[in-house]
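Spelled out, the chains give:
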Amino acid sequence: AVWPNALDGAGGDKDARKKVQRTWNLFYLLCGLAGLCSIVFGEGVIRLVSNNKFHGAAEILAALIAILLIQNSGKLDTAAIYRGSKIVEYNKIRVFAIVSSCLIGLVLLRYIGIYAVLVSGLIDAGLTRSMVNMLAKGKISLRLRPGLPFMLSGVLILSLVLKRIA
């Protein structure tokens, strides 16, 4: 179990931090190798698993693995946020990243089709990781401002309307 050790490492214990970082680096290496294998063998594996029905998905498999790598990077920063009781700020980051990526994905859907999902995933993962990193290092502060929940509710409702239109 890496997560309890990540929480300990986020507390400043250098040995625990190094141990957790080594474990995550192994995970990243395995995901990277899976990405390389998906480029080389992806179409054959997808044909085998899907009974020749989804072989077109092979061309986006490596990009999906790249999104997975971005989403899982910075786990020590996420642990620092959890340990520092900044869960509300983390949730604000997630809402912002999800809404932003969905809106951009909806706009791009008409122009680039299924690739809009990849762009949306990359935007979501990239925004989340960069903002979590800045929050963990104290570079940004996300204090609750009056009206923010209502603005976010409006954005969510607008995104649902746009989804119905698209």
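Refer to the structure presented above.
Residues numbered from 1 in each chain as written. Predicted model: local features only at pLDDT ≥ 70, side-chain atom pairs only at ≥ 80, totals over all residues. Heavy atoms only, no water.

### Details of the packing of helix 3 (residues 58-72) against helix 6 (residues 115-136)
- It is the contact of helix 3 with helix 6, at a shortest axis distance of 9 Å, that shows an interaxial angle of 15°. For the element pair helix 3 / helix 6, the angle class is roughly parallel. Relative to helix 6, helix 3 is oriented so that their crossing is left-handed. Counting all contacts with helix 3, which are made through E59, I60, A63, L64, I67, I70 and Q71, the residues of helix 6 involved are Y115, L118, G121, L122, D124, A125, G126 and R129.
- Here the contact of helix 3 with helix 6 is composed, by residue class, of nine nonpolar, three polar and three charged. (Axes fitted to C-alpha atoms, helices over the stretch in contact; angles between N-to-C directions. Helix = DSSP H or I, 4+ residues; strand = E, 2+ residues; numbered from the N terminus. Parallel < 35°, antiparallel > 145°, perpendicular 65-115°, else oblique. Left-handed = near helix turned anticlockwise from the far one by under 90°. Contact = heavy atoms within 4.5 Å. Nonpolar A, V, L, I, M, F, W, Y, C, P; charged D, E, K, R; others polar.)

### Examining the pattern of salt bridges
- According to the stated counting rule, one finds two salt bridges in the structure shown.
- Salt-bridge contacts for R47 lead to E43; the nearest nitrogen and oxygen are separated by 2.9 Å. Of this pair, R47 and E43 both sit in helix 2 (residues 14-50), four residues apart, which is roughly one turn of that helix.
- A residue is classified by how much of its surface remains accessible, and R47, at 30% relative accessible area, is partly exposed.
- A relative accessible area of 40% places E43 in the partly exposed class. (Salt bridge = Lys/Arg side-chain N within 4 Å of Asp/Glu carboxyl O. Buried < 20%, exposed > 50% of the residue type's maximum accessible area, 1.4 Å probe, protein only.)

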